[in-house]
Each structure stands twice: as C-alpha cells, then as structure tokens.
Amino acid sequence: MSQFVFATGQYESGDWDAAPLVPANLIDSVARYTSLDVAPVGVVVPLASAAISDYPLIYLTGHLPFRLTDRERANVRGFIDRGGMLFIDDHNHDIGGIFHKTATEEITRTVGPLVDVPASHRLYSCFFRFPDGPPATSHELNGWGDNIVHSHLQAVMQGDVIQVLYSSKDYSSEWGYHPESKRFNSVDNTKFGVNIIVYALTR
Amino acid sequence: MPDAWSAGRAPGAPGEAAGSSVATAAVSSGRIALEWALHALAAAMLLWVLVQSAGPRRASGRESADPASLPAALVRWSTVAAPPAVDAETGPALAPATRDWLAALAGAATRVSWHARGLLPIALVAGPVADPAGVTRLLLAASPGAMMTLRDGAGVLDTVTVGAAGGASITTRGIQGAVGAEAAHTTASAVVTGLLVLRHVLVLGQAGWESRFVVDALEERGWHVDTRLSLAPHSDMRQGATGPIDTARYAAVVVTDSSGIAAASHLAEYVLSGGGLVLAGSAAAMPAIRDLAPGTPGALVPPAPMGPGDSLQTAAKRRLGLLPIIGLRSDAVTLEMRDRAVAVAARRAGDGRVVQSGYLDSWRWRMATTLGEGAHRDWWAGLVSAVAYAPLERVASASLPGHGSDNAPAATAIDALGPMTLVLAGPHGPAGSDARAWFFAAIVLALLAEWASRRLRGAT
C-alpha cells in the first residue's frame with residue numbers, strides 16, 4: 001500500500017508557495033498521532049499537470065488573486081469528479097481581501113457553490129473531536145485581517161461529502177512554523193489539520 | 001324391355017337340346033347362389049362400416065403432418081380422429097405448446113414420432129448475480145462458433161459467438177422480461193430465476209486511499225458498506241454495525257492490506273460457513289487467513305509504461321504495482337493475468353469463496369482518467385459479486401415452469417417426446433379414409449355385379 005503524500009497545489013496565478021512550513025508541520029502531526037503510513041516529505045504538484053491524480057488531497061493557499069487557467073480548471077474539475085478533494089485556505093484571513101474574492105469566485109465557477117459546513121459534520125469528529133466546529137486561529141482572536149472569528153468553514157459538497165473545503169481562518173499562518181517548535185505549544189494547534197487529512201482518507 | 005341375351009335364350013328356341021336345359025338350370029342355380037353371396041357380402045360390408053362408424057372413432061392407420069398442417073392436425077387428432085400413430089414434422093421453432101401437445105398425445109396412447117427440421121441444440125440460462133446494480137448472468141451453450149443473438153422485451157441485447165468449448169457467458173443489466181437466444185431460427189428463452197438477498201459488505205484494512213476508493217466504488221455500485229479501518233494503535237474508524245463477522249450480516253469481506261487486523265482471525269470461520277472474501281495486495285500474507293488464499297503474494301512487480309497494443313484499461317492496470325500470485329493451490333482458478341504473472345485468482349474454501357487480487361493501489365486506476373472511474377467501480381463490483389454470499393429470497397413467479405421459459409428447446413423436446421425420428425415422405429392425411437373408400441368401392445361393385453347378374457338372367 002502506498003504512503004500518504006501531502007501535496008501542495010501549484011497554480012499559475014498568485015503566490016501558491018506562501019506557506020512552505022505547513023506541509024512539514026502537518027506531516028509531523030499525522031505521523032505523531034496516527035498509524036497512517038505518511039511520506040516524510042510533501043510534494044508540489046502543478047494543477048495543470050496530470051500528476052494531480054496521484055494526490056487525491058491537495059492543499060492550496062495564497063494572498064494574491066487566485067485564478068485558474070483553462071487547463072488548470074479542466075484538470076481540477078476532473079480531479080473532483082473522480083473523488084479528489086481540495087483544501088483551500090485564505091492566507092489573508094480577510095473576506096474583503098483579493099484572495100478570498102477571487103478564490104470563492106473561481107471555486108464556484110469551477111466546481112460549485114460554497115456552503116457553510118455544520119459543526120456536526122464528520123470533519124470535526126473523524127479523529128480529534130471539535131464539538132464547536134473549526135478551532136479559532138490566533139489571527140482571528142487577535143483581530144487581524146477581517147477582525148472576524150469565522151464560526152464555520154465553507155465547502156462545496158455533494159450530499160454530505162466535502163469536495164472542496166474552503167477556510168477563511170488562515171490556518172496557513174496558524175500552522176506555518178517548524179515542527180520542532182510544536183513542543184513549546186501548550187496545545188497542539190495542528191490537530192484540526194490531522195482531522196482534515198483523516199477525513200479525506202476516510203470520507 | 002327384354003334384352004337380347006335373355007330373348008335368345010327363350011324356351012322353345014330351334015335346335016335346343018333337352019340336355020342343355022339341365023345344364024342351364026345348374027348354371028342358373030350357381031348364378032343365383034353367387035348373387036346371394038354378393039348380396040350378403042355387400043350387406044356384411046355395410047354392416048361393418050355401420051359398426052365402425054357407431055363405435056369409438058379410432059382410425060386404424062398412421063397419420064402424418066408437416067409444419068404447415070401440424071396445428072390443424074393436432075386439433076383433429078385430439079378431437080375428431082385418434083390415430084394410433086402420428087408422424088409430426090416441425091420447423092426449427094418448435095413451440096412449447098406444440099411440443100407439449102405432442103407429448104400429451106403420446107401420453108394418451110398415440111405413438112408419436114417427430115422430426116424438427118433445423119432445430120439446433122442450444123441452451124440458455126439466466127441467473128441473478130450478487131450485485132445491487134441488478135446484473136444478470138446469461139450462460140449459453142451451442143455448437144462452437146455459432147453466432148447467437150440475445151434479445152429481451154426491449155430489443156436486441158447483444159450478439160455472441162460461442163467459443164470453442166461450446167459455451168459463452170455474458171453479464172448484463174436491466175433485462176426486460178424474458179430473454180431469448182436465437183441461432184438460425186432456433187430460440188431458447190429464459191427468465192431470471194429468483195431474487196437474491198444482498199447483505200452488507202465489510203471493508204477491513206488501514207485507512208488510506210485504497211480503502212477509501214474501494215468503499216467509494218462499492219457504495220456507488222449500490223452496496224451498503226461497513227468499515228473497520230485502523231487509524232492509530234488504539235483507534236479504528238468504524239462505519240456501520242459492530243457485531244460479529246458472519247453470513248447473517250455480511251455478503252462479503254474485503255481486506256485491503258495486511259495491516260494488523262484483529263478481525264482477521266474470525267475470517268476463516270466466516271468463509272468456511274459460506275461467506276465471501278476478497279484479499280487485495282498483501283492481505284493474503286496475513287497468517288490468520290493465509291490458508292484461505294488461492295496463493296501467496298510474490299515479489300513486487302513495479303508499474304510499467306503502456307505497451308504496444310494495450311487497451312486503455314490494460315494500460316491503466318499496467319500503471320499499478322503488482323504482487324503476483326505465486327504458489328497457486330491446486331484448486332485455485334486463475335481469473336486474470338498480467339503478462340505472464342497471475343494477477344487475480346479464486347478458490348473455494350468450505351462453503352465460501354475467496355478471490356485474491358495482486359494489484360496494489362487500484363485507486364490510481366480510478367483517479368487516472370474519467371474512463372477509469374467506471375472501470376474501477378465495475379472491476380471491484382465484479383470481484384465482490386464473484387464471492388458474495390447471497391441466499392435466494394424467493395423464486396420469481398415468472399420463472400415457474402410454463403411461464404415463458406424454454407431453456408433448451410431441443411433437449412426439452414427429446415426429453416418429452418423421445419429421440420427425434422425421421423419422417424418418411426408419403427401421402428399426408430388419415431389412412432382410415434382410404435380404407436373406407438376401398439370398402440365403399442367394394443360394396444358398390446358387389447351390388448352392381450349382383451344386379452347385373454340378375455338382370456342378365458331375366459330376374460327382377
């Protein structure tokens with residue numbers, strides 16, 4: 001059985017590589033808390049490449065305008081149709097920001113409309129339990145960005161199944177540190193990242 | 001008016017001797033006796049015909065009918081005449097009603113010989129497959145190389161060329177009513193013979209892309225899937241019931257890998273009692289179920305690029321890693337090869353069945369192309385249905401005898417009527433009518449002879 005490989009999606013517009021420490025941190029958490037066979041190093045996969053089919057969960061983030069080329073759009077559509085899942089995080093934590101505006105528009109255009117994910121969804125209980133829904137980030141609590149604590153994540157869903165998970169909470173900043181620093185945290189704030197990966201693997 | 005001969009023989013004619021009158025008297029008495037004999041014969045024959053017509057209507061001769069006259073002949077043989085023997089010639093499309101009618105005549109003491117010109121020995125059986133998509137398996141038997149056309153109530157389903165072994169098998173979905181297989185004007189027909197009880201499928205293994213996409217494929221096919229996937233040393237991801245693994249709950253169990261599965265020790269008992277087991281990748285290497293597997297996983301054969309002449313499906317599977325199945329048991333059957341390696345094999349174990357696939361990470365096949373999604377789903381559904389425990393719920397009423405099923409027309413006819421015998425060419429129609437004509441002619445001739453004799457000797 002092949003390993004789980006954490007994949008970061010590379011798109012032609014914007015700054016797709018704005019959170020380079022997130023993959024290593026989440027890989028560390030998955031290895032720390034689960035028995036999943038996880039590759040120690042993540043990969044970067046261009047959305048225009050056929051190779052995206054080798055990575056059924058792809059993480060996307062950025063601060064800048066998010067636009068897909070026609071080839072990327074077609075590739076992403078096929079990827080979603082066949083069972084792939086995207087996790088897109090707004091690195092600005094700003095619903096008035098350019099990433100949020102362009103990304104939500106692009107997701108709606110490419111896959112479908114975003115809806116709020118209820119706190120009872122299996123995403124919040126498939127490994128660690130988050131009965132109140134998505135955990136707040138320090139950026140939300142500090143009043144940065146849009147100065148809003150977002151109570152829900154959003155998603156494009158087919159029935160109860162999440163196809164595209166969209167976050168305005170800026171987990172990319174929250175999880176963007178070296179895994180070695182995790183020991184200094186009283187609470188590991190990457191646990192919700194483990195849930196996202198476990199959900200993708202078992203949804 | 002006296003005729004010339006009687007006038008010439010009038011008494012007192014010149015030159016007539018006295019002795020000749022004695023001779024004439026003797027001739028006359030013999031003649032009268034002959035006339036009486038003819039009269040009696042005619043009366044006897046009339047009496048015999050009268051007795052025959054008043055008694056049971058049983059003809060004395062053998063009757064025959066060709067395909068065109070057979071329907072009317074059957075009616076006549078059953079109502080007007082009751083011939084002791086009949087020769088029936090039919091065409092290649094021997095209707096069950098005609099066959100049964102002839103069998104009924106044979107059962108009513110009529111000797112029936114028959115010949116169906118062009119009737120081919122073909123057979124068709126339709127049975128439900130343990131698949132929630134409503135799949136039916138059609139099994140065909142005919143002469144090697146025969147071309148058969150399959151139809152149902154909605155039209156042509158497919159055409160099949162029978163293989164060298166004289167048989168063919170196809171699976172299809174959505175059959176409307178009875179299905180027929182036609183080969184050169186001979187048609188065998190069948191209806192699906194029952195409804196199966198489909199219980200859940202249980203997927204065991206490590207949480208990962210393989211188990212996830214196997215679950216997706218089976219759920220999309222319509223199976224209810226329960227899962228027990230290991231996530232952490234003391235944490236399983238469970239979906240569905242948590243009871244014991246037995247045939248009352250599960251139609252089949254799919255094991256996606258050889259990760260430590262606590263439930264594996266119960267699988268042997270489950271299979272031996274009739275359950276179905278699918279072992280993927282390295283799962284067959286687990287000690288608890290090694291004895292059930294058709295073979296042993298061999299050394300990894302890495303993915304290979306598309307070869308010349310490969311179909312898209314073959315090429316997609318070639319992109320998968322393979323643990324070839326080695327050390328096949330003597331009772332195992334190879335279901336699929338990749339190059340010269342056994343990729344899929346199956347065997348029976350107790351009352352259950354086990355199928356082993358050597359392919360690794362089949363999810364890559366599904367994710368690779370849009371075409372792969374459906375092919376991956378069908379392939380996994382096929383593996384599960386090949387082993388699934390699915391008891392018959394009830395027999396559909398349409399499959400009861402006489403409800404449009406004629407699985408093997410030639411064999412059924414031979415079973416009902418005996419071996420086919422060649423009908424010799426000859427006059428058609430009832431032999432008894434010829435006898436009656438001869439009798440009538442004989443009676444007329446006897447009466448005419450008597451009458452002529454009497455008139456010639458001058459009697460009235």
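Residues numbered from 1 in each chain as written. Chains lettered and ligands numbered in written order. Predicted model: local features only at pLDDT ≥ 70, side-chain atom pairs only at ≥ 80, totals over all residues. Heavy atoms only, no water.

Asker: Would you take a moment to explain the pattern of salt bridges for this structure?
Answerer: Side chains that differ in charge, positive against negative, can pair when their charged atoms come close. Tallied over the entire structure, the rule returns 24 salt bridges over all chains. Lys169(A) is the salt-bridge partner of Glu140(A), the closest N and O atoms lying 3.0 Å from each other. One end of the pair, Glu140(A), is in helix α4 (residues 138-142); the other, Lys169(A), is in the loop between β7 (161-167) and α5 (171-174), and 29 residues separate them in sequence. Judged by its relative accessible area of 0%, Lys169(A) falls in the buried class. Linking Arg212(B) and Asp216(B) is a salt bridge whose minimum nitrogen-to-oxygen distance equals 3.0 Å. (Salt bridge = Lys/Arg side-chain N within 4 Å of Asp/Glu carboxyl O. Helix = DSSP H or I, 4+ residues; strand = E, 2+ residues; numbered from the N terminus. Buried < 20%, exposed > 50% of the residue type's maximum accessible area, 1.4 Å probe, protein only.)

Asker: Before we go on, may I ask you to explain unusual backbone geometry in this structure?
Answerer: Glycine aside, negative phi is the norm for most residues, and most peptide bonds take the trans geometry. Of note in the backbone geometry, Asp170(A) takes a positive phi value of approximately 60 degrees without being a glycine. Along the chain, Asp170(A) falls in the loop between β7 and α5. A positive phi angle is found at Asp361(B), which is not glycine, with a value near 50 degrees. Tracing the chain through its elements places Asp361(B) in the loop between β21 (352-357) and α8 (363-368).

Asker: Sorry if this is basic, but what is going on with the packing of helix α4 (residues 96-107) of chain B against helix α10 (residues 409-417) of chain B here?
Answerer: When two helices pack together, you describe them by how their axes are tilted relative to each other and by the distance separating the axes. Residue and element names in this part refer to chain B. The contact between α4 and α10 brings their axes to 9 Å, and the two run at 15 degrees. Comparing their axes, α10 and α4 come out roughly parallel. Where α4 crosses over α10, the two elements pack in a sense that is right-handed. Residues Arg 99, Leu 102 and Ala 103 of α4 lie in contact with α10, whose contacting residues are Thr 412, Ala 413, Ala 416 and Leu 417. A class-by-class count of the residues in the contact of α4 with α10 yields 5 nonpolar, 1 polar and 1 charged. (Axes fitted to C-alpha atoms, helices over the stretch in contact; angles between N-to-C directions. Parallel < 35°, antiparallel > 145°, perpendicular 65-115°, else oblique. Left-handed = near helix turned anticlockwise from the far one by under 90°. Contact = heavy atoms within 4.5 Å. Nonpolar A, V, L, I, M, F, W, Y, C, P; charged D, E, K, R; others polar.)

Asker: Explain the side chain of Asp170(A) to me, please; I cannot follow it from the model alone.
Answerer: Residue and element names in this part refer to chain A. Buried Asp 170, no salt bridge; nearest opposite-charge side chain is Lys 169, N-O distance 11 Å. Among the polar contacts listed, one links the side chain of Asp 170 to the side chain of Ser 173, at a separation of 2.6 Å. Other than its neighbours up to four places away in sequence, Asp 170 contacts Asp 89, Asp 90, His 91, His 93, Thr 137 and His 139. (Lys, Arg positive; Asp, Glu negative; His and termini not counted. Polar contact = N/O pair within 3.5 Å; in protein donor to acceptor, adjacent residues only side chain to side chain.)

The values are spatial; any link to function lies outside them.
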